[in-house]
Amino acid sequence: MKKIGLFLCSVLVAVCSIVVPHAGTNTSCVKASTNKTPIDMYLIGGQSNAAGYSVIRSNPTETFKNVAYSGITDVNFRNGMGESISTSALDYSNIKWQVTGGLGADSTKIGPEYGMAKVLNEYYTGDKKAIIFKTAAGGTSLLDKTIELSEKRGNWYPRSLWEEGYKPDITQNIVGNDPTGLLYEFFVENFKKVYNGLVDNGYEPQIKGMVWMQGETDIRGDYEQYGNTLKTFISDIREDIFKITNDEQTKAMPFVIGKIAPSFSAWNNVNVPKIQEQQERVANEVGGVATVSTDDLIIVREDGTINGTDRYHFNFQDAFKLGCRFAEKAVELSDMKYVEVTAINGKLTYEFDENDDTRIKFFLTPDEHHKLKRITVNGKDETSNVSENCLIVISDKKRTTAEVEFVKKEKYKITYEMDEENVGIVNGNRFVYEGETAEFTFGAREGYKIIKISVNGVEIDSEKTGEYFYGKVENVSGELNIAVEIEKIATDKDTSLNSAESGEGCNGAINISPAGLFLLGIGFIFFAVKRSKIKI
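Counting restarts for each chain: residues are numbered from 1 in the order of the written sequence. Local features are withheld for residues below a pLDDT of 70 in this predicted model, meaning they are given only at 70 or higher, and side-chain atom pairs are given and counted only at 80 or more; totals for whole chains, interfaces and linings count all residues. Only hydrogens and water are set aside; all other atoms, that is, all heavy atoms of the structure, feed into the side-chain values.

A run of DSSP states H or I qualifies as a helix once it reaches four residues; a run of E qualifies as a strand once it reaches two. Both are numbered from the N-terminal end. Along the backbone of the protein there are 11 helices and 26 strands. Burial statistics for the protein: of 536 residues in total, 43% are counted as buried. Should any heavy atoms of two residues lie within 4.5 Å, those residues are counted as being in contact. Counting only contacts in the protein whose residues sit at least 6 apart along the sequence, the fraction spanning at least 24 positions is 72%. Looking at the protein as shown, the accessible area adds up to about 28,800 Å², and 50% of this sits on carbon and sulfur atoms. Relative accessibility under 20% of the residue-type maximum defines a buried residue, over 50% an exposed one, and the middle range a partly exposed one, all with a 1.4 Å probe and only protein chains included. Accessible surface is estimated by sampling points in the Shrake-Rupley manner with a 1.4 Å probe; for residues, cover comes only from the protein chains shown.

What follows deals with the sheet that holds strand E17 (residues 399-408). What the 4 strands build is an open sheet, ordered E11-E17-E14-E15; its pairing is mixed. Looking at the sheet topology across the chains shown, the edges are occupied by strand E11 (338-344) and strand E15 (380-381). Strands qualify as paired when DSSP identifies two bridges or more between them. Where E11 lies against E17, 7 bridges are found, and the strand directions are parallel. Of the residues in E17, the one forming a bridge with Tyr338 is Arg399.

Strand residues, when the strand is regular, have side chains that alternate between the two faces of the sheet. Within strand E3 (residues 67-73), 7 of the 7 residues are buried, which leaves the element mostly enclosed by the surrounding structure. Residues Val67, Tyr69, Gly71 and Thr73 of E3 are buried on one face, and the alternating residues Ala68, Ser70 and Ile72, pointing to the opposite face, are buried as well. Taken together, the 7 bridges between E3 and strand E6 (residues 129-136) define a ladder with parallel strand orientation. When the bridges of E6 are listed, Tyr69 appears paired with Ile132.

A word on unusual backbone geometry. Trans peptide bonds make up the majority, and among non-glycine residues the majority have a negative phi. Here Asn345, not a glycine, exhibits a phi torsion of approximately 65°, which is positive. With relative accessibility at 34%, the residue Asn345 sits in the partly exposed group. A positive phi angle, close to 50°, is found at Asn475, a residue other than glycine. With respect to the helices and strands, the residue Asn475 is situated in the loop between strand E25 (468-473) and strand E26 (480-488).

Turning to the sheet that holds strand E22 (residues 448-455), a few remarks are in order. In a beta sheet, neighbouring strands pair by backbone hydrogen bonds and run either parallel or antiparallel. Spatially, 5 strands are ordered E20-E18-E26-E22-E23 in an open sheet, and the strand pairing comes out mixed. The open sheet terminates on both sides in strands that have one partner only, identified here as strand E20 (431-433) and strand E23 (458-459). Alignment of E22 against E26, held across 7 bridges, turns out to be antiparallel. Bridging from a neighbouring strand, Lys449 pairs with Glu487 of E26.

This part takes up the packing of aromatic side chains. Each Phe, Tyr or Trp ring (for Trp, its six-membered ring) is paired with any other whose centre lies within 6.5 Å, and the angle between the two planes then decides the class: stacked below 30 degrees, edge-to-face above 60, tilted in between. Under the criterion given, the structure shown has 24 aromatic pairs. On the basis of an interplanar angle of 85° and a centroid distance of 5.7 Å, the ring pair of Trp162 and Tyr166 is categorised as edge-to-face. These aromatic residues form a ring-pair network of at least three members: Phe133, Trp156, Trp162, Tyr166, Tyr184, Phe187, Phe191, Tyr195, Trp212, Phe233 and Phe255. Across the ring face of Phe431, the terminal group of Lys411 is positioned such that the distance to the ring centre comes to 3.9 Å. The criterion for a charge sitting over a ring is simple: Lys NZ or Arg CZ within 6 Å of the ring centre, and within 35 degrees of the ring normal.

Below, the discussion takes up the nonpolar core. The nonpolar core is taken to be a set of buried Ala, Val, Leu, Ile, Met, Phe, Trp, Tyr and Cys residues, with the residues joined through side-chain atoms within 4.5 Å. Core analysis: the largest hydrophobic core is formed by 92 residues, its most contacted members being Met41 and Leu43. Examining the composition of this core, we find that 10 residues originate from one element, helix H6 (residues 182-200), more than from any other. Apart from residues lying up to four places away in sequence, Met41 is in contact with Ile131, Phe133, Phe191, Val194, Tyr195, Leu198, Pro205, Gln206, Ile207, Lys208 and Gly209. In terms of nonpolar packing, the next biggest core, distinct from the first, is built from 18 residues, Ile414, Ala438, Ile460 and Phe469 among them.

What follows concerns the environment of Glu239. Relative to the helices and strands, Glu239 resides in helix H7 (residues 223-245). In sequence terms Glu239 and Ala252 are 13 residues apart; their C-alpha atoms lie 8.9 Å from each other.

On a range of 0 to 100, pLDDT expresses the predictor's confidence in each residue. Residues with a pLDDT of 70 or more make up 85% of the protein, whose mean pLDDT is 87. The low-confidence segment residues 1-33 (pLDDT under 50) makes 5 contacts with residues lying over four places distant or belonging to another chain.

Position of Asp236 among the secondary structure elements: in helix H7. In this structure Asp236 comes out as buried when scored by relative accessible area, which is 5%. Polar contacts, as counted here, are pairs of nitrogen or oxygen atoms within 3.5 Å of one another; within protein the pair requires one atom able to donate a hydrogen and one able to accept it, and residues that are adjacent in sequence qualify only if both atoms are side-chain atoms. Within the local environment of Asp236, its side chain forms a polar contact with the backbone nitrogen of Ser160, the two atoms lying 2.7 Å apart. Residues within four places of Asp236 in sequence aside, it is in contact with Pro158, Arg159, Ser160 and Tyr184.

The structure is reproduced here in structure tokens:
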């Protein structure tokens, strides 16, 4: 009996280890099998100094056992004969579970991943690991251009700026392929592949941040456009990472911008500060974004000699320093408490309570003739809690995300009823927006006066200012019909005539002046002579 009991227990244990629970099933048997191993992800994107063109040469390299890597660089999409694009390097089976040198554009080079791994290796111990994901391509533009190597590889133009219905073709390398957003799409799809591969193999990835080293290709052009496009890129990439991970925190994913080196291609390159200015502007205007300096990482010396790998790329030591700075800043941002706001058709600003940093006050400012449609904070709809365009929430998260959308107000028609020959509209519109105030001023023609102003059949209070009458309707919620009533002002002549017609004045007698009496007499004699045919 003991042997049978032991056998049955073994069978039950085996069943518990393989059974897949259905909805409502007690999951105690499978609890162990559903545990996920946490792993933190750091993302790298950009052009050649992100891809990694810094030659190792004789420099010794280390191996960082707590940091893994999965990446792909320098893929062409626009100069082939229709060859399929392979991303097998990103397969889960090809993940490099320890970072070392040679993970740049080829096995003789490094990129930021090497210095990042050095720093991160000290943060991750025991079973918890970090993984660096990279997709980058040398000589490529953020703008919708085909300059330099974007001619072969496409550009990073962000998704929300694409034409409606457009989707980049990242499946093949073929002449004539539309360059718009190829690298943006490639980055997102590559991330999805690596992320899902980790999930499918028992990991629970958490996105800690992204670093961006790009801009050298765009140092001659519309600098403000570059800055605005970079802001859109950050917003779009955060949104697309969120769609893949369903992690609300990724909507405020830390984003670190590597500033272009002033010694790129030439000592004290005069075009670099204009890009740097835009990079700093974006960091100041977007929550959870910071920059790291490269001013001391010399590529071309003052005397024109080369300190970098070549005129465009950092040497090994400086590429290592840049990677360290990226990791340190990404970790700093991931530990920092901040708010990332997104506003459509308006502005959304905030402030922390000086005595309680979990208490955040938001200020909503719609564009002209717009109203609030919806505001969410950390994915929760807070629209009903907005009062006088302010919202106060409690958030204990390190990264709080707030999104607001304003929509166009209804536009209502205003019509007027009045004697247009004797009343004029001094000031008044033909329409008004929902919730706003309709104001109007009328003036009557000489000899008339305004006695009443009605709106939709209801008399309103109005005031006289000089010769004009002023009125208004606040918080309009529908179409308006404004009626103006006037009356003629009585003159002295009108008064005398009215009195005569009524037989009133001097108790019924008519008063005539002496001159009038004389003229009346002459008229009477003339009438009499004419009647008697007397010749004079």
